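# What the coordinates show
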Amino acid sequence: MFALFENPRLRGGIHAEEHKSETSPHSIVTDFPLPKKLYIPVQQHVGKPAEPVVKVGEKVLKGQLLAYSQGTISAPVHAPTSGVIADVKDFPAPHPSALPIRTVVIESDGKEQWVETSIPDDPYQLSPEEICERVGAAGVVGLGGAVFPSAVKLSLGRKNKIHTLLINAGECEPYLTCDDRLMQERAEQIVAGIRLMLRGMDAPKAMVGIEDNKPEAFAAMLAASQDFPNIVVAQVPTRYPMGWDRQMLRYLTGQEIPADGRATDIGVVVHNVATAYAVYQAICLGQPLISRVVTVSGAAVAKPRNVEVPIGTLMSEVLAYCGLEKSKMARLVMGGPMMGDALPIAEVPVVKACNGILALSHADIDEPPVQPCIRCSSCVTACPVGLLPLEMASRIKANQLDSAVDLGLKDCISCGSCSYVCPSNIPLVHYFKFASGELVKRQQAEHKSEQTKRLIEDRNNRMERARLEAEAEALRAQEARAARLAAQQAQQTQAEETA
């Protein structure tokens, strides 16, 4: 009955336990002690990894280029502090696998000496191309988790004639409040970044969507943008996953992104609110993306806080600063508890994609036993994409992956809403992640099979060509011998007749 009164622009979603009050009242910690060593991976973005330009033993300044971007879809990385390049080696990545990736290690000298920066006299007089160039050179990527190079999105926005820049400030994941505090404390800088992004895309207006559980952030952004009528700050309902760009876009604009399309198809580009702040730093201050605000929380953390830390700081050092109680920690998560990554070790670096470090206790991750499905359809109601989670899971259990794909498996965003509301505690999202991985394996196997088949066909074709060429060569040799023999016989006959 109550569903009849729901906003038609909302679809699915859940009201998860927020756990935001532990960190939201506290100001961002900006005096985090500078680590002795920083570990900066060259792959912190979607696309090709950056290529190091520094060598072991080389002295570097804060903000100096460490690795340049390769190709269009890539982003450079810079030195978060001054010091000496201690090593360029493989180091565990902040990923569930903890597999090593190429990493630049800086031994800090404690001087925090900046490289010479270029700051324009009037940033708003820069051309759209110059803005995109500076944002790209600063290594700015999407800080909402996608880490797509921001300069590319700005350029695409200009080419696709975008009419709206949508700033996603939903921050719907439980525990996370880094964007909330950023808006409360640095709203004017964020608005400046939004204005620069609008110019970079040559777009007429921007909309900022903030969940209504962040009244202080909403008030701060509203005040900061009051002189700019082309920037609209709006509240959206607090409902996970409102931070999903399609959900946010649907609610604020009433438009729907096609299933196989992108926001640019309907004239919208979506950026995270922290990305707007990074754009401000890149252009107005001449500073590359070398630090970020991270929410440190969880039952195993004695002093939950939002901390601004240099990129490359080990998570173990950040946790120690916030009073980690190791005996209580049962799981370490990078990001939020719904869509974040569980990490096997804490000795991995903070990267551009890291918006949260959660040290969860056994009580936080307690999983009740799975019970038989009662066909309540709660998962269907909760799915923000409008899928049939239980039916997809049934197909996956029966190894009917193609049938699950027909039901929309590839549209699943793995938000975990279905698993959260299931009264039978069925880990539905685990089935979907497993199936997605299996599909990737199948595609890789099919690709490998096609490559093998093509190589075999190429070899057979080469062998056939070689055989035909050999036969043709033998035939030519035979014809040449026959011609020589005929010539010799003709000469002999002529000689006999002459004699």
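As the structure is a prediction and not an experimental result, all values here were calculated from the model. (Residues numbered from 1 in each chain as written. Predicted model: local features only at pLDDT ≥ 70, side-chain atom pairs only at ≥ 80, totals over all residues. Heavy atoms only, no water.)

### Structural notes on the overall build of the protein chain
- Helices and strands together make up the secondary structure of the protein chain, namely 13 helices and 16 strands.
- For a compact globule of 499 residues, the expected C-alpha radius of gyration is about 23 Å, and the protein chain comes in at 30 Å, more than 25% above that figure.
- The dimensions of the protein chain, computed from C-alpha atoms along their principal axes, are 125 × 65 × 50 Å.
- Across the 499 residues in the protein chain, those meeting the buried criterion constitute 47%.
- In the protein chain, the proportion of contacts linking residues at least 24 apart, taken out of those at least 6 apart, comes to 73%. (Helix = DSSP H or I, 4+ residues; strand = E, 2+ residues; numbered from the N terminus. Rg over C-alpha atoms; globule rule 2.2 N^0.38 Å. Buried < 20%, exposed > 50% of the residue type's maximum accessible area, 1.4 Å probe, protein only. Contact = heavy atoms within 4.5 Å.)

### Regarding empty space enclosed by the protein
- Scanning all chains against the criterion turns up 2 cavities of 30 Å³ or more.
- In this structure, the largest cavity occupies an estimated 120 Å³ of space.
- If you trace the largest cavity, you find 14 residues lining it, with L143, Y277, S291, R292 and V293 closest to the centre.
- Those elements that provide at least two residues to the lining of the largest cavity are α3 (178-185), α7 (273-284) and β12 (291-297).
- If one sorts the elements of the lining of the largest cavity by residue count, α7 sits on top with 4 residues.
- Its residues assigned to classes, the lining of the largest cavity comprises 8 nonpolar, 2 polar and 4 charged.
- Considered as a void within the structure, the second largest cavity measures approximately 90 Å³ in volume.
- Taken together, 14 residues make up the lining of the second largest cavity; nearest its centre are C383, C412, C415, C418 and F432.
- Contributions of two or more residues to the lining of the second largest cavity are made by α10 (389-397) and α13 (428-498).
- Taken together, the residues of the lining of the second largest cavity break down into 12 nonpolar, 2 polar and no charged. (1 Å grid on protein atoms, 1.4 Å probe; cavity = no way out; pocket = protein on both sides within 12 Å on 5 of 7 lines; lining within 4 Å. Points joined across faces, edges and corners; volume = space filled by probe spheres on them. Nonpolar A, V, L, I, M, F, W, Y, C, P; charged D, E, K, R; others polar.)

### Points about the pattern of salt bridges
- With the rule as written, the count across this model stands at 16 salt bridges.
- Residue E308 pairs with R186 through a salt bridge whose shortest N-O separation is 2.9 Å. Here E308 is found in strand β13 (residues 305-310), whereas its partner R186 is found in the loop between α3 and α4 (187-201), with 122 residues between them in sequence.
- Between E391 and R375 there is a salt bridge, with its nearest N and O atoms 3.2 Å apart. Highlighted residues: E391 in helix α10 and R375 in the loop between β16 (356-360) and α9 (378-382), separated in sequence by 16 residues.
- One network of salt bridges, in which partners are shared, links R11, R250 and E256. (Salt bridge = Lys/Arg side-chain N within 4 Å of Asp/Glu carboxyl O.)

### Notes on the layout of surface pockets
- Here the second largest pocket is characterised by a volume of approximately 1,100 Å³.
- For the lining of the second largest pocket, the secondary-structure elements that each account for two or more residues are β14 (331-334), β15 (341-343), α12 (417-421) and α13.
- Among the elements that line the lining of the second largest pocket, the one with the most residues is α13, at 3 residues.
- Taken together, the residues of the lining of the second largest pocket sort by class into 17 nonpolar, 8 polar and 7 charged.

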